[in-house]
Amino acid sequence: LDLSTGELVVQEKIQVYPNPATDFVALQTDISFEIQGIQVVDNQGKIILVKNIFMPAGKSLSQLNVSGLTTGVYHLQFIGADGTKILTERLIIQ
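Residue positions are given per chain, counting from 1 as you read along its sequence in written order. Local features are withheld for residues below a pLDDT of 70 in this predicted model, meaning they are given only at 70 or higher, and side-chain atom pairs are given and counted only at 80 or more; totals for whole chains, interfaces and linings count all residues. The side-chain numbers reported here are obtained from all heavy atoms of the structure, hydrogens and water having been left aside.

Undergrad: What exactly am I supposed to notice about unusual backbone geometry here?
TA: The bulk of non-glycine residues show a negative phi, and the bulk of peptide bonds are trans. For the bond from Tyr17 to Pro18, the omega torsion is -5 degrees, close enough to zero to count as cis. Between Asn19 and the following residue, Pro20, the backbone shows a cis peptide bond with an omega angle of 20 degrees. To qualify as a helix, a DSSP run of H or I must reach at least 4 residues; to qualify as a strand, a run of E must reach at least 2; elements of each kind are numbered from the N terminus. Checked against the element boundaries, Pro20 lands in the loop between β1 (14–17) and β2 (24–31).

Undergrad: So what exactly am I meant to see when it comes to the sheet that holds strand β4 (residues 47–55) here?
TA: Pairing between sheet strands relies on hydrogen bonds along the backbone, with the strands arranged either parallel or antiparallel. In short, DSSP must find at least two bridges between two strands for them to pair. Pairing is antiparallel across the open sheet formed by four strands, whose spatial order is β4-β3-β6-β7. Two strands lie at the open edges of the sheet, namely β4 and β7 (85–93), each paired on one side alone. Across the sheet, the axes of successive neighbouring strands diverge by a mean angle of 20 degrees, strand direction being ignored. Note: strand β3 (residues 35–42) against β4, six bridges, orientation antiparallel. Each bridged residue has a counterpart across the sheet, and for Val40 the counterpart in β4 is Leu49. Fitted lines through C-alpha atoms serve as axes, helices being fitted only where they are in contact, and the angles separating the N-to-C directions of these axes extend from 0 to 180 degrees.

Undergrad: Explain the sheet that holds β2 here, please?
TA: Spatial strand order, β1-β2-β5: three strands in an open sheet with antiparallel pairing. Looking along the sheet, the strands with just one partner apiece sit at the ends: β1 and β5 (58–65). Strand after strand, the sheet turns through a mean of 15 degrees between neighbouring axes, direction not considered. Examined bridge by bridge, β2 and β5 share eight bridges and lie antiparallel to one another. The residue bridging Asp30 from the neighbouring strand is Lys59, located in β5.

Undergrad: I tried to follow the pattern of salt bridges on my own but got confused; where do I start?
TA: In a structure, side chains of opposite charge can pair up when their charged atoms sit close to one another. By definition, a salt bridge exists where a carboxyl oxygen of Asp or Glu is found within 4 Å of a side-chain nitrogen of Lys or Arg. For the coordinates displayed, the defined rule picks out one salt bridge. One salt bridge connects Glu89 with Lys13, and the closest N-O pair in it is separated by 3.4 Å. With Glu89 in strand β7 and Lys13 in the segment before β1, the pair connects residues that are 76 residues apart, well separated along the chain.

As structure tokens, then:
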């Protein structure tokens, strides 16, 4: 709830599972905007993987191959249709 406006604020989220992962992760959305790509970023901020992927607004399900990633903590940065980063989710690789 936004106390300044009295409006209910819904935080959009992308479910990433299984997490921790080893080979593949499922990306499940129910969001109000399109996703055009994903960047996998390590803890030092280095972009490890860039994947063009289209996930339309609304409910969507996709899969990401993470088998080439070494054990560690990463951040999945979801890129919108205009090229800007719109959401970030944490991913653990075992």
